[in-house]
Amino acid sequence: MTAPGTAVGSGAGGRLRLPAWLSGRALVTATAVGALLWLAPLVLPLGEYTHNVVGLTFMFMAAALAWNWLGGYVGQISFGHSAMFGVGGFVAARLMLALGLPFWVAWLAGGLAAGGYALLWGHPTLRLRGPYFSIATIGVGEATRLVATYWSAFTGGSSGLSLPLSGGPTKFQLYWYGLYLLSVAVALSYWLRRSPIGLALLAIKEDVEAAGDVGVDATRHQDVVLFLSGTVVGICGGFYASYQAFIDPQDMFSFDRSISFILMGVIGGIGTILGAAAGAVVFVIIQEFLLANYSQLYLGLYGTLLILIILFEPLGLAGLLIRVRKLFGYRPRADVAAGGLRSAAVGVETPGAVEQGVRVEPSEQSEPVERGSGGLEERSGSPPVDRGSS
Amino acid sequence: MGEVLTLAVSAVLLAGFYAAMAYGLGLIYGVLRIVNLAHGGIIMASAYLTWQLFTKLDLDPYLAIPITLVVFFLVGLAIYWCLVRFLPRGSAGAVQSLLLLFGVWLIMRNLAYLLFTGNDQAIRTRYSTASVSILGASYSLNRLVVFGVSMVALIALHLFLTRTYWGKAIRAVGQNRDSCTLVGIDVERVYLLTFGLGTALAGLAGLLASTLFAFNPSFGASELLKSFVIIVLGGLGSVVGIALGAGILAFAEVFSIYVVPSYLTSAVGFVLLVVVLVLRPGGLFGQRVLG
């Protein structure tokens, strides 16, 4: 894994061809960061609490990235991802309890169940675009929570489920499993954005009908993204179950949990590749260190944060970063800017001839998108020709 | 047979309330093309206002209607003036406005928790348990009054939208914003007015809901969802469409007790939504509410 990456990175344009979505530099950076994080707890004298929280943060980062595939790449903001989180968690827990499966098999099975569940409700509702999809997902989350709370034979009802004490990984070991989970999510994030699929998703986000006209099968692409997103969030649910060793439906399926995924995405920057991961870090910091003392204020704080970000920096942390780097003459890459909120809403349109002209308006205001939409091919690090042709 | 008839009448009564509840959301969507996610929060806030007026000032809920309308009209103006007007217009700002108004909702919920705790509250008037008998079955007086108030509100709104300058302006902007600018309608003011009206309607719905149901700070989520289902079912643009959508939802919910356990009643709306989306992706009556 490490060796070929280094070879390509240093020997410019070497013989080993990486897939087009993966640049040598990104691979080296990712491997280095991953290795550092892997070794960190062995070297640094982290306290047990910090160690565990960091492990949990890895899981939240993975979940936020997975939410962002749907919310950012496709522009379909889901308010119902707690449903998949809960399904993944409970299926995994039940499998560990009933069959004594190894935890990672149970996580995977839980994740697949969650992905399947996501497809079940998502295939019909993904016909809705923008706000309509979002509201439908509120319904999904609520309905799932209701069923889960009352279906006590499976979820243990309001008294919840306790996981087997032996056999599972300890919280200490979960740090590394969280890291693996995050690595997979990061790799998938890059693949989904930088591969031809990523371009198709952007096209769907900009205009579903136009995407259809150029041969992008919107339904299938959205289904795939939703399945992947649901699966990873489901695995995160399984991880969470192992971490807590006790889960109950009120917590797993709560609306607050869905909100947390949205917040992580919005804080970090909706539609950016790694923004959501950064958002998850901020979210955990807020939750663990600030709100521990002011638990009665958390909804209001999240609401205020949401309003401030939307009004002043819709791209969140990623947008701030771009602003700072622009001061030093940096020109943002096309895919960073195109991932933002701005174009996420197409599909809710009014009929009428004049409207056609109006829709140019938003892109006039936003230079990054303007610059970006012309320069999709000129992304650095990969040959331009590979883009459209597969 | 008698039972079916009784259920049908309760469904009609419920539908009247649902129509008033959904119209505010539909009006704002129809004109501004944004979904007011704070709708549920306004309903909740209005229920608390009514409850406060009732317990502190001993004001009857139905007499508080003018106060509620004015207060929430102003709240709507404030939300629009302070927040929504800074977002891009039309479909370009749809997701932003969604998240923004969601933030407003979260803040409202938090305020309600801080001010009134998370306990369930209910308004009990002298006539809360009174009933009236129609066709041999008895119905709660409250439900009848709520139905009546809803009908009056809808008719008044219909007259306003069809007979007055500003009403016509609102409908015109809903149809084509740019042509309105051409003929000299102050579009920005129409947006402001519409947001205020839609919020006032949500406030009215909250007042009516507070006389029927117990509420807590999380109240409003399923009301928002139901309003949305009604808009998708019935389409926008007419009181008739909203009334049909509300009727369908109310009948489905009321008669679902034959099929599913009662705790799942609130999920019926969602199932209905999915079924409609699968069978008729454009909405029941083809007004293309959906993108």
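Residues numbered from 1 in each chain as written. Chains lettered and ligands numbered in written order. Predicted model: local features only at pLDDT ≥ 70, side-chain atom pairs only at ≥ 80, totals over all residues.

Asker: Hey, could you go over the overall build of chain A for me, with residue numbers and the actual values?
Answerer: The helix and strand inventory of chain A stands at 20 helices and two strands. In chain A, the share of contacts with a sequence separation of at least 24, taken over all contacts with a separation of at least 6, comes to 78%. (Helix = DSSP H or I, 4+ residues; strand = E, 2+ residues; numbered from the N terminus. Contact = placed C-beta atoms within 7 Å.)

Asker: With reference to specific residues and values, describe the overall build of chain B.
Answerer: Along the backbone of chain B there are eleven helices and two strands. Listing every helix and strand of chain B by position from the N terminus yields α-α-α-α-β-β-α-α-α-α-α-α-α. Computed over its C-alpha atoms, the radius of gyration of chain B comes to 19 Å, within 12% of the 19 Å expected for a compact globule of 291 residues. By principal-axis analysis of the C-alpha atoms, chain B measures approximately 60 × 45 × 35 Å. The 291 residues of chain B split such that 51% are buried. (Rg over C-alpha atoms; globule rule 2.2 N^0.38 Å. Buried ≥ 20, exposed ≤ 12 C-beta atoms within 10 Å, placed from the backbone.)

Asker: Give a description of helix α4 (residues 82-99) of chain A that names residues and reports values.
Answerer: All names here are of chain A. Its 18 residues give α4 an end-to-end C-alpha distance of 25 Å, which sits within 8% of 26 Å, the value for a rise of 1.5 Å per residue. With 15 of its 18 residues buried, α4 lies for the most part within the structure. Phi for G100, located one or two positions after α4, is positive at around 65°. (Expected span 1.5 Å × (residues − 1).)

Asker: Describe the nonpolar core, listing the residues and the values that go with them.
Answerer: Judged by nonpolar contacts, the single largest core of 197 residues is most densely connected at A62(A), A64(A), C236(A) and Y18(B). If one sorts the elements of this core by residue count, helix α1 (residues 2-32) of chain B sits on top with 17 residues. If we skip the residues at most four places from it in the chain, C236(A) touches M59(A), A62(A), A63(A), F85(A), G88(A) and L181(A). (Core = buried A, V, L, I, M, F, W, Y, C linked by C-beta atoms within 7 Å.)

Asker: Could you give an account of the confidence of the model for chain A, naming the residues involved and the relevant values?
Answerer: All names here are of chain A. Chain-level pLDDT for chain A is 75 on average; 79% of the residues reach the 70-or-more range. Predicted confidence is poor over residues 1-14, with pLDDT under 50, and the contacts of this stretch with residues over four places away or in other chains come to 17 contacts. Contacts from residues 342-390, a stretch scored under 50 in pLDDT, to residues over four places away or in other chains number 73 contacts. (pLDDT = per-residue confidence, 0-100.)

Asker: Now, about the packing of helix α15 (residues 298-312) of chain A against helix α4 (residues 94-116) of chain B: what can you tell me, with residues and values included?
Answerer: Where α15(A) contacts α4(B), the axes come no closer than 7 Å and their chain directions differ by 155°. It follows that α15(A) is roughly antiparallel to α4(B) by the angle criterion. In terms of crossing hand, the pair formed by α15(A) and α4(B) is left-handed. Taken together, the residues of α4(B) that come into contact with α15(A) (itself represented by L299(A), G300(A), Y302(A), G303(A), T304(A), L306(A), I307(A) and I310(A)) are Q96(B), L99(B), L100(B), F102(B), G103(B), V104(B), L106(B), I107(B), R109(B), N110(B) and L111(B). Split by residue class, the contact of α15(A) with α4(B) holds twelve nonpolar, six polar and one charged. (Axes fitted to C-alpha atoms, helices over the stretch in contact; angles between N-to-C directions. Parallel < 35°, antiparallel > 145°, perpendicular 65-115°, else oblique. Left-handed = near helix turned anticlockwise from the far one by under 90°. Nonpolar A, V, L, I, M, F, W, Y, C, P; charged D, E, K, R; others polar.)

Asker: Summarise the packing of helix α5 (residues 103-125) of chain A against helix α11 (residues 218-244) of chain A; cite the residues concerned and give the values.
Answerer: All names here are of chain A. The contact between α5 and α11 brings their axes to 7 Å, and the two run at 140°. With respect to their mutual orientation, α5 and α11 come out oblique. As α5 packs across α11, the resulting crossing turns out to be right-handed. Across the contact of α5 with α11, the residue classes break down as 16 nonpolar, twelve polar and one charged.

Asker: Lay out the pairing of strand β2 (residues 137-140) of chain B in plain terms, naming residues and giving numbers.
Answerer: Residues and elements named next belong to chain B. Summarising the sheet, strand β1 (residues 131-134) and β2 pair through four bridges and their orientation is antiparallel. By the bridge assignment for β2, S133 is matched with S138. The loop that links β1 with its antiparallel partner β2 comprises two residues; one of these, L135, has a positive phi angle of about 50°. (Pairing = 2+ DSSP bridges.)

Asker: Run through the environment of V9(B), naming residues and quoting values.
Answerer: Residue and element names in this part refer to chain B. Take V9: it is sitting in helix α1. What makes V9 partly exposed here is the crowd of 18 C-beta atoms within 10 Å. For the pair V9 and A137, spaced 128 residues apart in the sequence, the C-alpha separation amounts to 9.6 Å. Look past the residues within four positions of V9 in its chain and what remains in contact with it is I134 and Y139.

Asker: I'd like a rundown of helix α13 (residues 255-268) of chain A, residues and numbers included.
Answerer: All names here are of chain A. With 14 residues, α13 extends 20 Å between its outermost C-alpha atoms, agreeing within 8% with the 20 Å of an ideal straight helix rising 1.5 Å per residue. Listed in full, the buried residues belonging to α13 are R257, S258, I259, S260, F261, I262, L263, M264, G265, V266, I267 and G268. Immediately beyond the C-terminal end of α13, within one or two residues, lies G269, with a positive phi of roughly 130°.

Asker: Report on unusual backbone geometry, specifying residues and quantitative values.
Answerer: Among all residues save glycine, negative phi is the norm, and among peptide bonds the norm is trans. A positive phi angle, near 60°, is found at R33(B), a position not held by glycine. Tracing the backbone shows R33(B) in the loop between α1 and α2 (39-57).

Asker: Any details on the environment of S254(A)? Residues and values, ideally.
Answerer: Within the secondary structure layout, S254(A) lies in the loop between α12 (249-252) and α13. Apart from residues no more than four positions distant in its own chain, S254(A) is found in contact with S82(A) and R145(A).

Asker: For the environment of L224(B), give the residues involved together with the corresponding values.
Answerer: Residue and element names in this part refer to chain B. Along the chain, the position of L224 falls in helix α9 (residues 221-234). For L224, a count of 27 C-beta atoms within 10 Å gives the class buried. Along the sequence, L224 and G40 sit 184 residues apart, while their C-alpha atoms lie 4.9 Å from each other. Contact partners of L224, with chain neighbours within four places excluded, come to H39 and G40.

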